[in-house]
Amino acid sequence: MGQRLMCVVAHPDDECFGFGGALALAADHVIETSVLCMTDGQAATHRGSAESGLELGASRRREFAASCEVLGVTEHEVLGYHDGQLQNVPVLEAVEHLVRRMRRFQPDVVITFGSDGGLNVHLDHMMVSFWTTTAFHWAGRSNRFPEITTVFQPRRLFHLSTDVFLPDRQPPIPSPWTVALDIETTRKRKSEAFERHASQAPLMERTKPFFAEYGGTEFYTLVAEKEPKPARQMTDLFEGLS
Ligand SMILES: [Zn+2]
């Protein structure tokens, strides 16, 4: 079986905005990818021509699918949780969704937001970070959700980090990164993926100069690894994994 990467996000556009470089690079290296998005983004500030939350959610699901296609994502899924309200979801319920998908897809590497909530310190991102981290540890434990077979332990968990901050936001407190991922070769696809999110075009316009200056690298922190070892700097999420 080839290598696999799983990415867990909160909103349609997180997959390209935050993780697009890593996902496109994985596709280039024939690594299968699975992206799980917890909400369909109905609480977005930018709403395109949508006249209701449901309408916006439906178009953002389509935009998410189109973006994943540009990034070469193998499989993608949007769950139906309420955008902006992930703190109200029972923890065990959310973690069960993730454990189920980790045991089925069997990723070597899992990536998600850091505990700071990412560049815009969004509470939904913080919840997704906590759930995914818990699920990473529980997917391999036979006493957690024993009814979901088969127990599987992914090898590495990375949180997204950053070395720059958005000018108009309160800064996150990022974890010190262990991977500075050179995404220069995928940069164009990352921005093309973002363009598929037509409803979020004003956001794209605003952040364009930022990404033009800093968009050549994505930063990740290795927060858990199956084999004990000292922290080290790596250039790739899969470095040293056979
Ligand atoms: Zn988001």
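Anything mentioned here points back to the structure above.
The rules behind the values
Every chain begins its residue count from 1, and numbering advances along the sequence as written. Restriction of local features to residues with pLDDT of at least 70 applies here, the model being predicted, together with a cutoff of 80 or more for giving and counting side-chain atom pairs; totals for whole chains, interfaces and linings are based on all residues. As a rule here, side-chain values cover all heavy atoms of the structure and leave hydrogens and water aside. Secondary structure elements are defined from DSSP: runs of H or I of at least 4 residues count as helices, runs of E of at least 2 residues count as strands, and each element is numbered from the N terminus. It is over C-alpha atoms that the radius of gyration is taken, and the globule rule equals 2.2 Å times the number of residues to the power 0.38. Residue burial is assigned from relative accessible area. The probe radius is 1.4 Å, only protein chains are included, and a residue is buried under 20% of its type maximum, exposed over 50%, and partly exposed in between. Contacts were defined at the residue level, with two residues in contact if any of their heavy atoms lie within 4.5 Å. Per-residue and other accessible areas follow the Shrake-Rupley method at a 1.4 Å probe size, with only the shown protein chains counted as cover for residues. In this charge count, Lys and Arg are treated as positive and Asp and Glu as negative; neither His nor the chain ends contribute. Just so you know, the charge point we use is NZ for Lys, CZ for Arg, CG for Asp and CD for Glu. Angles shown run from 0 to 180 degrees and are taken between the N-to-C directions of axes, each axis being a line fitted to C-alpha atoms and, for helices, limited to the stretch in contact. By the definition adopted for this analysis, an angle is roughly parallel if under 35 degrees, roughly antiparallel if over 145, roughly perpendicular if from 65 to 115, and oblique otherwise. In this classification, the charged set is Asp, Glu, Lys and Arg, the nonpolar set is Ala, Val, Leu, Ile, Met, Phe, Trp, Tyr, Cys and Pro, and all remaining amino acids, among them Gly, are polar. Note: two strands are recorded as paired if DSSP finds a minimum of 2 bridges between them. Any nitrogen, oxygen or sulfur atom within 2.8 Å of a metal ion counts as a donor, with the limit raised to 3.2 Å for Na, K and Ca, and since water is left out, coordination shells can look unfinished. Four donors are marked tetrahedral only if all angles between them lie between 85 and 135 degrees, whereas four are marked square planar and six octahedral if opposite donors are more than 155 degrees apart and the other angles lie between 65 and 115; the remainder are marked irregular. Stacked, tilted and edge-to-face are the three classes applied to pairs of Phe, Tyr and Trp rings, where Trp contributes its six-membered ring and a pair requires centres within 6.5 Å; stacked means planes under 30 degrees apart, edge-to-face means over 60, and tilted covers the rest. The criterion is that NZ of a Lys, or CZ of an Arg, lies within 6 Å of the ring centre and within 35 degrees of the ring normal, and then a charge sits over that ring.

Draft legend 1. Highlighting the overall build of the protein. Looking only at helices and strands, one finds seven helices and seven strands in the protein. Secondary structure elements in the protein, listed N-terminal to C-terminal, are β-α-α-β-α-β-α-β-α-β-β-α-α-β. Rg of the C-alpha trace for the protein: 17 Å, near the compact-globule value of 18 Å for 242 residues, within the 12% margin. In terms of overall dimensions, the protein has a C-alpha envelope of 45 × 35 × 35 Å along the principal axes. For the protein, with 242 residues in total, the buried portion stands at 52%. Long-range contacts, defined as pairs at least 24 residues apart, comprise 80% of the intrachain contacts of the protein with a sequence gap of at least 6. Split by element, the accessible area of the protein, about 11,100 Å² in all, is 54% carbon and sulfur. Each charge class in the protein can be summarised by its mean position, and for the 24 positive and 32 negative side chains these summaries are 4 Å apart.

Draft legend 2. Representation of the packing of helix 6 (residues 187–195) against helix 7 (residues 201–214) in the model. At a closest axis distance of 12 Å, the pairing of helix 6 and helix 7 adopts a crossing angle of 170 degrees. In terms of axis orientation, helix 6 runs roughly antiparallel to helix 7. In this structure, helix 6 uses R187, S191, F194 and E195 to contact helix 7, whose residues at the interface are L203, M204, F211, A212 and E213. For the contact of helix 6 with helix 7, the residue count by class is five nonpolar, one polar and three charged.

Draft legend 3. Expanded view of the sheet that holds strand 6 (residues 179–182). Taking strand neighbours across the sheet as the criterion, the seven strands line up as 3-2-1-4-5-7-6 in an open arrangement whose pairing is mixed. The open sheet is flanked by strand 3 (75–81) and strand 6, the only strands paired with a single partner. The average angle at which neighbouring strand axes cross in this sheet is 25 degrees, direction not considered. Sheet topology note: the strand 1 (residues 4–9)/strand 2 (residues 32–39) ladder contains six bridges and is parallel. Of the residues in strand 2, the one forming a bridge with L5 is T33. Packing of helix 4 (residues 91–105) onto the sheet brings it into contact with strand 1, strand 2, strand 3 and strand 4 (109–112), and relative to strand 3 it is tilted by some 165 degrees.

Draft legend 4. Summary view of the pairing of strand 6. The two faces of strand 6 differ: V179 and L181 on one face are buried, but A180 and D182 on the other face are not. The pairing of strand 6 with strand 7 (residues 217–225) spans four bridges and is classified as antiparallel. Each bridged residue has a counterpart across the sheet, and for D182 the counterpart in strand 7 is T217.

Draft legend 5. Fine view of the coordination of the zinc ion. Protein coordination of the zinc ion is provided by H11 (ND1), D14 (OD), D14 (OD) and H125 (NE2), with donor distances spanning 2.1 to 2.7 Å. With four donor atoms in place around the zinc ion and angles of 52 to 128 degrees between them, the coordination shape is irregular. Considered as a linear motif, the donors of the zinc ion on their single chain read H-x2-D-x110-H. Taken together, the residues D14 in helix 1 (residues 14–17) and H125 in helix 5 (residues 123–139) connect sequence positions 111 residues apart.

Draft legend 6. Main features of the packing of aromatic side chains. Taken as a whole and assessed by the stated rule, the structure comprises nine aromatic pairs. Taken together, a centroid distance of 6.4 Å and an interplanar angle of 50 degrees make the contact between Y81 and W131 tilted. In this pair, Y81 sits in strand 3 while W131 sits in helix 5, placing the two residues 50 residues apart along the sequence. With respect to class, Y81 is no different from W131; both count as buried. Chaining the aromatic ring pairs together yields one cluster made of F17, F194, F210, F211 and Y214. Directly above the aromatic system of F105 lies the positively charged group of R4, at a separation of 5.0 Å from the ring centroid. Positioned above the aromatic ring of W138 is the side chain of R144, whose terminal nitrogen or guanidinium carbon lies 4.0 Å from the ring centre.

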